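Summary of the model geometry
Listed below are the residues making up each chain.
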Protein chains: 2
Amino acid sequence: MPIASSIREALGSASLIRKMFEEGNQLKKQYGADKVFDFSLGNPDIEPPPAFHRVFTKLAKEDKKGSHGYMPNAGFPEVREALAVKVSREQGLTVTGSHIVMAVGAAGGLNVVFKAILNPGDEVIVSRPYFMEYKAYAANHGGRLVEVDTLPDFNLNIPAIQAALSEKTAAVLINSPHNPTGRIYPAATIADLAEVLRSWGNRSGRLPYLIADEPYREIAYTVEVPPILSAYSESVVVNSYSKSLSLPGERIGYIAVSPGIQDTEAVLNALIYTTRILGFVNAPALMQRIVAELTFARVDVAVYARRRDAFKQVLDAAGITYAEPEGAFYLFCQVPQGDDLAFVEHLKQYRILGVPGSGFGKPGWVRFTYCVDEKLIHASGLAFKQALETW
Amino acid sequence: MPIASSIREALGSASLIRKMFEEGNQLKKQYGADKVFDFSLGNPDIEPPPAFHRVFTKLAKEDKKGSHGYMPNAGFPEVREALAVKVSREQGLTVTGSHIVMAVGAAGGLNVVFKAILNPGDEVIVSRPYFMEYKAYAANHGGRLVEVDTLPDFNLNIPAIQAALSEKTAAVLINSPHNPTGRIYPAATIADLAEVLRSWGNRSGRLPYLIADEPYREIAYTVEVPPILSAYSESVVVNSYSKSLSLPGERIGYIAVSPGIQDTEAVLNALIYTTRILGFVNAPALMQRIVAELTFARVDVAVYARRRDAFKQVLDAAGITYAEPEGAFYLFCQVPQGDDLAFVEHLKQYRILGVPGSGFGKPGWVRFTYCVDEKLIHASGLAFKQALETW
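Keep in mind it's a predicted model, so treat the numbers as computed, not measured.

1. A word on the overall build of chain A
On a plain count of helices and strands, chain A comes out with 13 helices and 12 strands. Here the C-alpha radius of gyration of chain A, 21 Å, is about what a compact globule of 391 residues would show, namely 21 Å. Considered along the principal axes of its C-alpha atoms, chain A spans approximately 60 × 55 × 50 Å. Excluding contacts between residues fewer than 6 apart, the proportion of contacts in chain A whose partners are at least 24 apart in sequence is 74%.

2. Remarks on the relation of the copies chain B and chain A
When chain B is fitted to chain A, the best match, at an RMSD of 0.0 Å, comes from turning it 180° and sliding it 0.0 Å along the axis. Both chain copies can therefore be described as sitting about a two-fold axis. Mapped onto chain A, 98% of the interface residues of chain B are again interface residues, and the two copies thus contact each other with one and the same surface.

3. Considering the domain arrangement of chain A
Residue and element names in this part refer to chain A. We note that the domain assignment places domain 1 (5–47 + 300–389) and domain 2 (66–292) within chain A. Measuring from the centre of the C-alpha atoms in domain 1 to the corresponding centre in domain 2 gives 27 Å. Each partner contributes residues to the interface: domain 1 has 23 residues there, and domain 2 has 25 residues. Counting only elements with at least two residues in the side of domain 1 that touches domain 2, the list comes to helix H10 (301–318) and strand S9 (330–334). Of the residues forming the side of domain 1 that touches domain 2, the biggest block, 4 residues, is contributed by H10. For the side of domain 1 that touches domain 2, the class distribution of residues is 12 nonpolar, 6 polar and 5 charged.

4. Side note on the interface of chain B and chain A
On the side of chain A, 62 residues touch chain B, which itself brings 63 residues to the contact. Of all the secondary-structure elements, those providing two or more residues to the side of chain B that touches chain A are helix H1 (5–13), helix H3 (50–62), helix H5 (105–117), helix H6 (133–140), helix H9 (264–277) and helix H10 (285–292) of chain B. Class assignment of the residues belonging to the side of chain B that touches chain A gives a composition of 36 nonpolar, 18 polar and 9 charged.

5. Considerations on the pairing of strand S7 (residues 235–240) of chain B
Residues and elements named next belong to chain B. Of all 6 residues that make up S7, 6 are buried, and the element is covered over most of its length. Burial along S7 is two-sided: Ser235, Val237 and Asn239 and Val236, Val238 and Ser240, pointing in opposite directions, are all buried. Bridging between strand S6 (residues 209–213) and S7 involves 4 bridges; their strand directions are parallel. Pairing of Leu210 across the sheet is with Ser235, part of S7. Taken together, the 5 bridges between S7 and strand S8 (residues 253–257) define a ladder with antiparallel strand orientation. Each bridged residue has a counterpart across the sheet, and for Val237 the counterpart in S8 is Ala256.

6. Overview of the sheet that holds strand S12 (residues 365–369) of chain B
All names here are of chain B. An order of S9-S12-S11 is seen for the 3 strands of this open sheet, with the pairing classed as antiparallel. The open sheet is flanked by strand S9 (330–334) and strand S11 (355–356), the only strands paired with a single partner. Each of S11 and S12 is contacted by helix H12 (residues 340–348), which is oriented at about 45° to S12, the strand it contacts most.

7. Quick notes on H12 of chain B
Residue and element names in this part refer to chain B. Among the residues making up H12, those that are buried are Asp340, Phe343, Val344 and Leu347. In a view along the axis of H12, the buried residues occupy a sector of 100°, so they form one face of it. Where H12 is buried, its residues meet strand S10 (352–353), S11, S12 and helix H14 (381–389).

8. Focus: the nonpolar core
General note: in soluble globular proteins, nonpolar side chains tend to be found buried as a group. Judged by nonpolar contacts, the single largest core of 252 residues is most densely connected at Val113 and Ile255 of chain A together with Val113 and Ile255 of chain B. Each residue touching Ile255 of chain A, except ones within four places of it in the same chain, is listed here: Val101, Ala103, Gly109, Val112, Val113, Val236, Val238 and Leu271 of chain A.

9. Remarks on the sheet that holds S7 of chain B
Residues and elements named next belong to chain B. Ordered in space as S2-S8-S7-S6-S5-S3-S4, the 7 strands form an open sheet in which the pairing is mixed. The open sheet has two edge strands, strand S2 (100–103) and strand S4 (144–149), and neither has a second partner. Between one strand axis and the next, the sheet turns through 25° on average, direction left out of account. In terms of strand pairing, strand S3 (residues 123–128) meets S4 through 6 bridges, oriented parallel. Residue pairing for S4: Ser127 is matched across the bridge by Val148. Most of the contacts of helix H4 (residues 77–91) go to S2, to which it runs at about 110°, and overall it touches S2, S7 and S8.

10. Looking at the packing of helix H2 (residues 50–62) of chain A against H3 of chain B
Between H2 of chain A and H3 of chain B, the shortest axis-to-axis distance is 9 Å and the interhelical angle comes to 160°. Between H2 of chain A and H3 of chain B, the angle is such that the two are roughly antiparallel. Considering only the axes of H2 of chain A and H3 of chain B, their crossing is left-handed. The residues of H3 of chain B that touch H2 of chain A, namely those facing Phe56, Thr57, Ala60 and Lys61 of chain A, are Phe56, Thr57, Ala60 and Lys61 of chain B. Taken together, the residues of the contact of H2 of chain A with H3 of chain B sort by class into 4 nonpolar, 2 polar and 2 charged.

11. Some details on the environment of Gly364 of chain B
All names here are of chain B. Relative to the helices and strands, Gly364 resides in the loop between S11 and S12. Distance from Gly364 to Val223, taken between C-alpha atoms, is 28 Å for residues 141 residues apart in sequence. Leaving out residues up to four positions away in the same chain, Gly364 has contacts with Gln334, Val335, Asp340 and Gly357.

12. What to know about the confidence of the model for chain A
Across chain A, the average pLDDT comes to 95, with 98% of residues at 70 or higher. Across the predicted assembly, pTM comes out at 0.97 and ipTM at 0.96.

13. So, the pairing of S8 of chain B
For a regular strand, the rule is simple: side chains alternate between the two faces of the sheet. Residues and elements named next belong to chain B. Of all 5 residues in S8, 5 are buried; the element is thus mostly enclosed. By the alternation rule, side chains of S8 split into Gly253, Ile255 and Val257 and Tyr254 and Ala256, which are all buried. Two elements, S2 and S8, share 4 bridges in a ladder whose sense is antiparallel. Bridge assignment links Ala103 to a residue of S8, and that residue is Gly253.

14. Thoughts on the environment of Val95 of chain B
Residues and elements named next belong to chain B. By the secondary structure assignment, Val95 is in the loop between H4 and S2. For Val95 and Pro336, which are 241 residues apart along the polypeptide, the C-alpha to C-alpha distance reads 47 Å. Each residue touching Val95, except ones within four places of it in the same chain, is listed here: Ala84, Val87, Ser88, Leu229, Ala256 and Pro259.

15. Section: unusual backbone geometry
Following Asn179 of chain A, the chain continues to Pro180 of chain A via a peptide bond in cis, the omega torsion being 15°. Despite not being glycine, Arg351 of chain B has its phi angle at roughly 60°, a positive value. Relative to the assigned elements, Arg351 of chain B resides in the loop between H12 and S10.

16. Some thoughts on the packing of helix H3 (residues 77–91) of chain A against helix H9 (residues 285–292) of chain A
Residues and elements named next belong to chain A. One way to put it is that H3 packs onto H9 with a least axis distance of 9 Å and a crossing angle of 35°. Between H3 and H9 lies a crossing whose hand is left-handed. In this structure, H3 uses Glu78, Val79, Ala82 and Leu83 to contact H9, whose residues at the interface are Gln288, Arg289 and Ala292. Of the residues in the contact of H3 with H9, the class split is 4 nonpolar, 1 polar and 2 charged.

17. What to know about the environment of Pro336 of chain A
Residue and element names in this part refer to chain A. Structurally, Pro336 can be placed in the loop between S9 and helix H11 (340–348). Considered as a pair, Pro336 and Ile184 are 152 residues apart in the sequence and their alpha carbons are 25 Å apart. Not counting residues within four places of it along the chain, the set of residues in contact with Pro336 comprises Ile320, Leu388 and Trp391.

Reading the values: the criteria
Residues numbered from 1 in each chain as written. Chains lettered and ligands numbered in written order. Predicted model: local features only at pLDDT ≥ 70, side-chain atom pairs only at ≥ 80, totals over all residues. Helix = DSSP H or I, 4+ residues; strand = E, 2+ residues; numbered from the N terminus. Rg over C-alpha atoms; globule rule 2.2 N^0.38 Å. Contact = placed C-beta atoms within 7 Å. Least-squares fit on C-alpha atoms with pLDDT ≥ 70 in both. Domains from an automatic or database assignment. Nonpolar A, V, L, I, M, F, W, Y, C, P; charged D, E, K, R; others polar. Buried ≥ 20, exposed ≤ 12 C-beta atoms within 10 Å, placed from the backbone. Pairing = 2+ DSSP bridges. Axes fitted to C-alpha atoms, helices over the stretch in contact; angles between N-to-C directions. Arc of directions from axis to C-beta. Core = buried A, V, L, I, M, F, W, Y, C linked by C-beta atoms within 7 Å. Parallel < 35°, antiparallel > 145°, perpendicular 65-115°, else oblique. Left-handed = near helix turned anticlockwise from the far one by under 90°. pLDDT = per-residue confidence, 0-100.

Dropping the structure here:
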C-alpha cells in the first residue's frame, strides 16, 4: 500500500480526463498541432503585458542584495501595501497592507483559507457548475462541498444557497467571472447573498464566510465585476495574476480579507500560519516584487473579446447555444440532445477538443476555451458544422 | 468560531516563539541591528553565486514566449532532465527526469510527499532534535510523528528507530546535514537503517519509506553527504535551493524518487496529483528554468566554514560545549546547567539571540545560527563570556 488510499481512489477517477488529454496529444501528433481545434485548456496564450517585461528586466539588472531571501510569511510589507491600493479600488472600501496575505497563486490561496477556517466535517457551499478542484481543496483540510444549482442563466440561486445553510456551513464559495460559464454575478445578487448570510448568522450564531475566487476579475467584457469585500463583512477574496498578467506558471496571487471581518487579527494570523505550515512559506519573492510595480497593468482584454465574438459566430452558425460570456475566456455550450461525454468523443472525430460539463458537475454541457489564436477559432467553423450535422 | 480549532490551538502555542522574535526586534530598535548578536534565524545572508545572476539576467532579457505559462504539474520536462543529472551524481545511481517532481521548496515538497503517502493515523518516525514544522506537515495530512532520541553524538539511534516501527509506520524521516545539530549521518548508519527497514518490511508486509530532507546537502565542511536513493529502494529525497543557492524566498526545490521504489508510476502520479490539489500546481516557472542551468553552482561554503570556526572559538573561550558541526550553518550548544528557555532569556540581557532546544524537542540545548557576518560573531565574544559568568 505505497500511496494513500484517498489519493489512489482520486487517481483512478481522474483517469478519464487524463485519457482525454492523452488522446488530444495523440491527435496533434497525427495531424499537427495547428490542425487540431484544441479548446480544452485554460492556459492563457497572450503574453504578459510590456510593463511586465520592463519591470522584470529592471529587477534582474538590479538584483538587490537580500532580494531572494526570506521575508515575513505574509509577504514583503511594501508589496502588501502596494496591493492594498489595487484591492481598495476593486473592492469598494479601504483595505491596508495588513489585510493582504501574498499567496502561491489562487489555488494556493484557497488551500490556505480552507486550512485556516475549516473544522472537521465543516461544509462549503458551491454552485454547480464549478471548478472541480474545489472539492479536493476542501477535502484536504477536512471539509466537504455542498452543491446547489444555479439559476438557468447561471446566476446564483440565492434561495437554493439559503436552503443549503446548516450549522456546519463554514463558507459559501463563489467564482466571478465564472469558470466555466463566463457569468459575472451582479451587485444585487451579491447583496442578496450577503443579506441571507447575515440573517442566517444572526439566527444560528455562526456567520458563514463568503469566499470569492477572482482570478478572472480583470477579464471582463461588458460589465464591471462588483466588489465583494464592501458587500459583506465576513468576506475573503482570493486572486492571482495567472490570467490578468498571463503568469500562471509563476504562482503568484494574494488573499484579501475584509477589514470588518470578526476577529480580524486571529483570521490574519491563521492565514499567515497556514501559509507557513502547508509548505508555501511565502509567495515567490521575485514575482511579489514584480506585481507590486504592476498594480494596474493587465493583458489586452480586447484580444479575448475579439476571440469570444469570433467563437460565438462559429457556434451560432453551427446551431450551438451557449451561456452569454460576460468575463473569463470560456464558452459553456449546451449539448444538442444527449450525453456530454459522448458529444465530446464525437467532436474529437472532427479534431475539436472541449471539456465535458460533467467535469464541472453539469452534465449536458461542454466547455470551450478561447485561449487560442483567433485564426484557429475561425478555422474550426467547418468542423463544428460537420460535427453537428452528424450528431 | 471564525478560525479552525486546531489552528487556534497552534497559534496559542506558537506565541512563545513569536514573543521572542518580537523582543529581538525590540532589542534591535533599542540598540541598533549591528549591536544585537542575532543568531536566531536560519536565513542565508550570503548572496546567490554570480552564475545565478548571469542566468537570471539572461532569461529576463530573452523572456521567451510562453515561459511564464502553465507546464505539466511535475515541472518542465527539460528542467527535470537537467536535475536528474545532479541527483544521479549525488545519490549514487542513475535517475531520469521522470523520477523528479519540481516542488515549491522543501517545505512544499514534504507536504506533497506526506499527502501522497499518509493514510489517517499513519506514523512518521523522526529523531529528536528535529525541525518542529515536521509535526504540522504530517498532521496536515492525517499523520502523526513518533519521536525517538538520537545517540548522544546526535547520530541516528538505529535500535531506537527499530523499536518504534509499527504497522502504522508509513515512513522514517531524516534530515542530513542536520538542523539544528549540523550532523551528517554516515553511510554506514544509512546502510544499517535501510537494513532494519527492509527486514521490518519483510516481516510486516509494509516497507516504510525513507524520506530524506536534504536542503543542506551542499553545505558540508569535512565529509561528503552519503547517498540515500542508492541505499534503500523505498526512498524519497526532498531538496531545495534555499541554502545551496541562497534562494529561500523564491520557493524552488524538488522531490526525487528512487528508481527502484515499489509501484513507481503510482508513487510519481500521486506526487504530481498532490502537487496539484494542495494548490502548489507547479514550482515557480522562472526559478525552475534558472536552477536547471545551475546544476553544479552553489554558494561559497568556505564563508560558512570560516564563520563556523570563528563561532567555535567564541564558544570555546566562553566555555560552552557544542555538537561538532559537519554541515549546515548551526551550532547546537549544551546549556551549562539548567533550563534552555531561561538561558535564552538570560542571553538576551547581553543582546545575544538564539533558539531554545525545546523548540526542537531537545530541552537543555540552544541553537545558534551563523547566517551572519563573521565580524558579528567575533564581536559577540565578550558578550558570551559575560553572559556565562553571570549564569
